[in-house]
Amino acid sequence: RWRYNRLSVHLPIRHAPLGQAMKIIFINHFFYPDHSATSLLLSELAFALAAAGHDITVVCTQSNYSDPHTAYPKQEVVQGVRIHRVTRPSADRASLIHRAASAAAFYLAATGCVYQLADHQTLVVAKTDPPLIGVPISTAVRLRHATQINWLQDLFPETAVALGIRPFTGMLGR
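Please read these numbers as outputs of a predicted model, since none were measured by experiment.

Draft legend 1. Focus on the pairing of strand β6 (residues 147-151). Judged from the five bridges that link them, strand β5 (residues 122-127) and β6 form a sheet pairing that is parallel. Pairing of V125 across the sheet is with I149, part of β6.

Draft legend 2. Inspection of the sheet that holds β5 at higher detail. Spatially, six strands are ordered β3-β4-β2-β1-β5-β6 in an open sheet, and the strand pairing comes out mixed. A single partner strand is all that each edge strand has here, and the edge strands are β3 (75-78) and β6. On average, each strand axis in the sheet is inclined to that of its neighbour by 20°, with strand direction left out of account. For strand β2 (residues 55-61) and strand β4 (residues 81-86), the ladder comprises six bridges, and the chain directions are parallel. Within β4, the position partnered with T57 by the bridge is R82.

Draft legend 3. Geometry of the state of the cysteines. Per the stated rule, a full pass over the model turns up zero disulfides. Cysteine C60 remains unbridged, with the sulfur of C113 as its closest cysteine sulfur at 9.2 Å. The exposure class of C60 is buried, given its relative accessible area of 0%.

Draft legend 4. Molecular detail of helix α1 (residues 37-51). With 15 residues, α1 extends 22 Å from end C-alpha to end C-alpha; this agrees with the ideal 21 Å at 1.5 Å per step. Buried residues in α1 make contact with β1 (23-27), β2, β3, β4, β5 and β6. Trailing α1 by a residue or two, G53 shows a phi angle of about 100°, which is positive.

Rules of the game
- Residues numbered from 1 in each chain as written.
- Predicted model: local features only at pLDDT ≥ 70, side-chain atom pairs only at ≥ 80, totals over all residues.
- Heavy atoms only, no water.
- Pairing = 2+ DSSP bridges.
- Helix = DSSP H or I, 4+ residues; strand = E, 2+ residues; numbered from the N terminus.
- Axes fitted to C-alpha atoms, helices over the stretch in contact; angles between N-to-C directions.
- Disulfide = S-S within 2.5 Å.
- Buried < 20%, exposed > 50% of the residue type's maximum accessible area, 1.4 Å probe, protein only.
- Expected span 1.5 Å × (residues − 1).
- Contact = heavy atoms within 4.5 Å.

Take a look at the structure:
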């Protein structure tokens with residue numbers, strides 16, 4: 001069993017009854033064996049769902065968060081999860097233009113991959129790394145008559161408060 005820290009999370013996922021396995025495609029910038037936060041969360045969930053008998057695919061990049069020059073295999077199966085890694089140009093993290101171009105390349109490649117893999121029985125889960133990946137993915141999802149869920153992460157309510165936006169009143173708004 002793959003463990004990324006001393007605490008092992010046991011997800012309460014039941015085995016899929018015969019003929020009732022879900023077909024799920026996750027979209028995220030990074031996935032196993034990468035150790036970025038979103039990769040770790042998604043890896044734990046994807047492996048648990050696959051172990052429970054669900055048909056799990058992950059679409060991510062070939063690059064490594066910590067070392068952009070390390071490239072993972074384009075396709076592999078790990079613990080029952082099919083991984084499709086798309087190529088994207090490595091971005092100079094200091095340059096906003098390079099980062100935007102790299103993200104756009106991932107958006108296009110991931111959207112094409114979802115279009116090829118999804119069908120009307122597929123649940124497509126778009127995470128928020130990179131931000132707004134759910135927008136271009138939605139085109140492929142609609143064309144393939146699949147269902148889409150946007151998994152929102154990295155929401156920072158303190159940013160809204162710092163900008164003077166107070167979504168809550170009373171005790172929650174303080």
